[in-house]
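Summary of structural features
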Amino acid sequence: MSDQVAPAAASVDAERLAALRELAYGASHEINNPLANISARAQALLRDEPDPERRRPLESIQQQALRAHEMISDLMLFARPPALALEPVCLASLVRRLGGELLGECRRRGVRLDLDLPAEGLVVDGDPEQLAEAVRALLVNALEASSPDGRITATVTLEASESCGTAVARIEVADQGRGLSPRELVHAFDPFFSGREAGRGLGFGLPKCWRIVTAHGGDVALAAAPTGGVAATLRLPCG
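Residues numbered from 1 in each chain as written. Predicted model: local features only at pLDDT ≥ 70, side-chain atom pairs only at ≥ 80, totals over all residues. Heavy atoms only, no water.

This part takes up the environment of Asp114. Mapped onto the elements of the fold, Asp114 is located in strand β2 (residues 112–116). Assessed through its relative accessible area of 19%, Asp114 is described here as buried. Residues Asp114 and Thr153 lie 39 residues apart in sequence; the distance between their C-alpha atoms is 4.8 Å. Apart from residues no more than four positions distant in its own chain, Asp114 is found in contact with Arg151, Ile152, Thr153 and Ala154. One polar contact links Asp114 to Arg151, side chain to side chain, over a distance of 2.7 Å. (Helix = DSSP H or I, 4+ residues; strand = E, 2+ residues; numbered from the N terminus. Buried < 20%, exposed > 50% of the residue type's maximum accessible area, 1.4 Å probe, protein only. Contact = heavy atoms within 4.5 Å. Polar contact = N/O pair within 3.5 Å; in protein donor to acceptor, adjacent residues only side chain to side chain.)

This part is about helix α2 (residues 52–79). With 28 residues, α2 should cover 40 Å at 1.5 Å per step; its first-to-last C-alpha distance of 41 Å lies within 8% of that length. The complete set of buried residues in α2 reads Leu58, Gln62, Ala65, Ile72, Asp74, Leu75, Met76, Leu77, Phe78 and Ala79. (Expected span 1.5 Å × (residues − 1).)

Note: strands within a sheet are paired through backbone hydrogen bonds, in either parallel or antiparallel orientation. Strands sit in the order β2-β4-β5-β7-β6 across an open sheet of 5 strands; the sheet is mixed. Strand pairing shows two members of the sheet lacking a second neighbour, β2 and β6 (219–224), which therefore form its edges. Neighbour-to-neighbour, the strand axes of the sheet open up by a mean angle of 20°, direction not taken into account. This element, helix α4 (residues 128–145), spans β4 (151–160), β5 (167–174) and β7 (230–237) of the sheet and lies at about 170° to β7. Taken strand by strand, helix α6 (residues 205–215) contacts β6 and β7, and its axis lies near 140° from that of β6. (Pairing = 2+ DSSP bridges. Axes fitted to C-alpha atoms, helices over the stretch in contact; angles between N-to-C directions.)

Residues spaced three or four apart along an α-helix point in a common direction, a consequence of the helix completing one turn every 3.6 residues. For α6, the buried fraction is high: 8 of the 11 residues fall into the buried class. Among the residues making up α6, those that are buried are Gly205, Leu206, Pro207, Lys208, Cys209, Arg211, Ile212 and Val213. Just past α6, the residue Gly217 takes up positive phi, approximately 80°.

Right, let's get into the nonpolar core. Ranked by internal contacts, the top residues of the largest apolar core, which has 42 residues, are Leu91 and Leu234. Secondary-structure elements contributing two or more residues to this core are α3 (91–109), α4, β4, β5, α6, β6 and β7. Ranked by residue count, the leading element in this core is α4, at 9 residues. (Core = buried A, V, L, I, M, F, W, Y, C linked by side-chain atoms within 4.5 Å.)

The subject of this paragraph is unusual backbone geometry. Despite not being glycine, Asp149 has its phi angle at roughly 75°, a positive value. Along the chain, the position of Asp149 falls in the loop between α4 and β4.

What follows is the structure, encoded as structure tokens:
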């Protein structure tokens, strides 16, 4: 009896998730239009406003509209990601470039960023832009969780996969932040989890990362880091 019920329940859950994704995509598309108008109007008012006291709230309006736009773009990517444009991607070079982009913000916040990368790099077949978005989400999430004098480590290694017996490329990003509760760890990749705001800040970076990585045939997981905080591990098939 249970063998017959479980597939049906799984099918219903899949249909509900698909419906939620379509709802999220449609709602996000509609919300983007008024946000674009708000941002454009704020920019127009800023151009003609010389008073510094009046410019500050206008700048705040524009910044918040852009922030909301970025969050909605992440949700739209989760709901309906673009097709993959596969090509060889050197993961060491990718992580090195993304680390360089984030280095200035790390220094401003007093956070140390350490990269442990192989000399020759590891190459996988993937979409370079989407993989960059996935890894960037992990790095930004770690930075947002870090306090001054904290440390973020990003490593790229090759490991054997017990499930399929082939090698997989592994990217790990670990921080020394406050960590996540067991419930937050379970739901961290769920964009509709109501408790996410109590964890690592707003946004859809982790769900977006999960969506991209699984589309590449890989997986991503979170665990408590040995030095405190969280270690995010991204795995991608090689060859």
